[in-house]
Structures are given as C-alpha cells and as structure tokens.
Amino acid sequence: MYATRLSGRHLIEPGDFTLDEMDRLFTLAEEIEDDPVYLRESCRGKLLATLFFEPSTRTRLSFEAAMLRLGGNCLGFAEPSSSSAAKGESLADTIRTVACYTDAIVMRNPKEGAALLASRYAQVPVINAGDGGHHHPTQTLTDLMTIRQIWGAIGDFTVGFCGDLKFGRTVHSLAKALSRYPHIRMVFISPPELRVPAYIKTGILDKEAIEYQEVDCLEKVIGDLDVLYMTRVQRERFFNEEDYIRLKDSYILNMEKMKPARKTLIILHPLPRVNEIAPEVDIDSRASYFKQAQYGMYIRMALLASILGVLD
Ligand code: CP
C-alpha cells in the first residue's frame, strides 16, 4: 500500500492532479480490480456525502459502491427537492453544513463553477461529479483508465469525439486531460451547432499545440480513429425543444457505419446513451463502454482511499 499524495485534496477539474498522481491512481485502481478484497476495510469509520442536484446512475452509485466496498458509509440526496436547497438555502450554507457531518463531499450541480465554489466553503475534500457543461473529472479518470487498460498507455493515438461537443462536460474534461499526454490527435465530429467551445480550442488545444480537426460526418473519419468517444445529445442543456429534436439523432453508430473502422478501435461512451449507439454494437469486441462503467468504480475506490488519507 502506498500514499498517492492526494490526502485532503479537492478534485474540481482534470488539471488538479499531475500526470504522475493520476498514474498512481490508475495503478492503485488496477490493483483493486485484481484483488477485490484489497483495501476492503480501509475507510471504516469514514463518511462520504453524495449531493446530487442533477440525475445520475453511474457516478452516484459507483461512488457509493466504492465507499461501501472500502468499508465506509454514505449519506446524501439524489435530487435537491429533498434537501433544504428546495427552501432556498444557498450552496455555500449547504456545503458548510454537510462538511460538519462528513469526511468528503461528492457533488453534481447544474451550474458551472458550483464545485469550485463548494471547495471554498468546505473543510473536507470536494469532488466534482459534474458541474453543468463544464467538467466531470472522475469520468475523465474513468476514461483514461479504460484507454490505458486497452491501449496499454495513454499516448500515440487518434481520438474522435462524436455528438454533443458543445455542452458535453465529459468531452471538455477528457480533451483537456488528453492534451497533457504525448502525440494525441483529436477529431471533433458534430453538427455545426454543437461544436466544441472556443475556450477549449484556443485556451487548451492551440496552447498545447494539439493537432485537431472538426468535421460533420462520422463515416468519413471513423477509419482513422483509434478511440471513438460517443456522447449523448443532452436534452437538459438545450434552451428549446425544437433544436433538441432536430439534432438528437445526428449520429447513430451502427454496424454499417463501423465497416471502415479499425479492428483495434476502442469505442467509449460515458453513458447514459439514448439512441447514439445501436444495441447491435454492444456485442462487438470493440465496444468498451460497459467495461468503462465498471472501471469507474475501481478508480473511485482508488480516489476515495487516496483523498481520505487512509494510504498514508
Ligand atoms: N457518465 C455519467 O456521468 O453517468 P451518470 O449521469 O449516470 O452519472
């Protein structure tokens, strides 16, 4: 067992941890996967708050499963109507209060910057489980771990991001994280209305001299990709229903579209999916999105054990 130097730290966005710190997390998560009883009682007596102001299946349940498997306990809410936020309590006051009861806080909130704000009021580590269309760093750890497991390393590949690249926080976080690794080329596949935001292109990709292109058509580029990161067009981020209906089925990955794809292509999706990957693709050996969901629990176990300081 070794310390990861993450004890007491917040995780708000992917740049909060160094590549070396993330590497140590991946290794720890792999050790946990290999030996399910490893660290089993390490968080006994620790309490995790999961505060979800937006719906979630994977993130909330994998954090709770992770904490329970480490011997700790969880409390929280799955929707804000059952908390005093519904009575108008500020996020700062909610966080100050929950930090009095628990050892760490995992929070999802529809407002960009909410996790950063929470971290300024909490006396315990805050983990961002998604803040609006901004970042989702533990999904990024999950994505990177999945790529590392299958590709063997994080570097020297071409990744295609497909779908809602404008509002998709998983895309923003992963693109930012991958820009720190060597020899990554990016292809952004979306309708013009859902292009990746300018702050990602100029603020991150151009700054890091990342080679990238933006295209409309998945079929034309699928054969060039090593990793394909599919995403859902998110109804909840649109201001009007008409635009959502017009764009929601822009890209549906099926076996016909997969014909030019490489035999080694890694197909990822943060999930949930709606229509964007046909169920027939699930049985293809390149479909890695349910494995990815499983890695999400191992990496969150590694993260919780590290920030709660039980490895020190
Ligand atoms: N990937 C992800 O964040 O899934 P949930 O919305 O189900 O948590």
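The rules behind these values
- Residues numbered from 1 in each chain as written.
- Predicted model: local features only at pLDDT ≥ 70, side-chain atom pairs only at ≥ 80, totals over all residues.
- Heavy atoms only, no water.
- Domains from an automatic or database assignment.
- Contact = heavy atoms within 4.5 Å.
- Buried area = accessible area lost by both parts, 1.4 Å probe.
- Salt bridge = Lys/Arg side-chain N within 4 Å of Asp/Glu carboxyl O.
- Polar contact = N/O pair within 3.5 Å; in protein donor to acceptor, adjacent residues only side chain to side chain.
- Helix = DSSP H or I, 4+ residues; strand = E, 2+ residues; numbered from the N terminus.
- Nonpolar A, V, L, I, M, F, W, Y, C, P; charged D, E, K, R; others polar.
- Near = heavy atom within 4 Å.
- Areas by Shrake-Rupley, 256 points an atom, 1.4 Å probe, with all protein chains shown as cover.
- 1 Å grid on protein atoms, 1.4 Å probe; cavity = no way out; pocket = protein on both sides within 12 Å on 5 of 7 lines; lining within 4 Å.
- Sits in = over half its atoms within 2 Å of the grid points.
- Phe/Tyr/Trp six-rings, centres within 6.5 Å; stacked < 30°, edge-to-face > 60°.

Asker: In this structure, what is going on with the domain arrangement of the protein chain? I would like to understand it.
Answerer: By a widely used convention, the size of an interface equals the accessible area lost when the partners come together. When its domains are assigned, the protein chain resolves into domain 1 (14–136 + 296–307) and domain 2 (137–293). Using C-alpha coordinates to define each centre, domain 1 is positioned 24 Å away from domain 2. Taken together, the 34 residues of domain 1 in the interface contact 28 residues of domain 2. Interface of domain 1 and domain 2: buried area, both sides summed, is about 2,600 Å²; carbon and sulfur atoms make up 55% of it. It is F26, R58 and H136 that lose the most area in domain 1 upon contact with domain 2, and together they represent 27% of the buried surface on that side. Where domain 1 touches domain 2, the interface holds four salt bridges. A salt bridge links E30 to R148; the shortest N-O distance between them is 3.0 Å. Viewed at the interface, domain 2 and domain 1 are joined by 17 residue pairs in polar contact (both at pLDDT 80 or more). When residues of the side of domain 1 that touches domain 2 are traced back to their parent elements, those giving at least two are α1 (19–34), α2 (58–69), β3 (104–109), β4 (126–131) and α10 (289–307). In terms of residues, the side of domain 1 that touches domain 2 owes the most to one element, α1, which gives nine residues. Taken together, the residues of the side of domain 1 that touches domain 2 break down into 13 nonpolar, 13 polar and eight charged.

Asker: Explain the site of the ligand here, please?
Answerer: The environment of the ligand is formed by S56, T57, R58, T59, R108, H136, Q139, P270 and L271. Contact distances for the ligand include 2.9 Å between an oxygen atom and a side-chain N or O atom of R58. For the ligand, the protein covers 91% of the area, taking 250 Å² as the surface of the free molecule. Here the ligand is seated within the largest pocket. Of the residues contributing to the shell around the ligand, the split by class is two nonpolar, five polar and two charged. Per-domain counts for the shell around the ligand show at least three residues from each of domain 1 (14–136 + 296–307) and domain 2 (137–293).

Asker: Looking at this model, I keep getting lost on the packing of aromatic side chains. Mind explaining?
Answerer: For any pair of aromatic rings, the description consists of the separation of the ring centres together with the inter-plane angle of the planes. Across all of its chains, the model carries six aromatic pairs by this definition. Seen in terms of ring centroids, F188 and Y212 are 5.9 Å apart; in terms of plane orientation they differ by 70 degrees. Their pairing is edge-to-face. Linking F188 in strand β6 (residues 184–189) with Y212 in strand β7 (residues 211–215), this pair joins segments that are 24 residues apart in sequence. Of the aromatic side chains, those joined through ring pairs into one cluster are F161, F188, Y212 and Y229.

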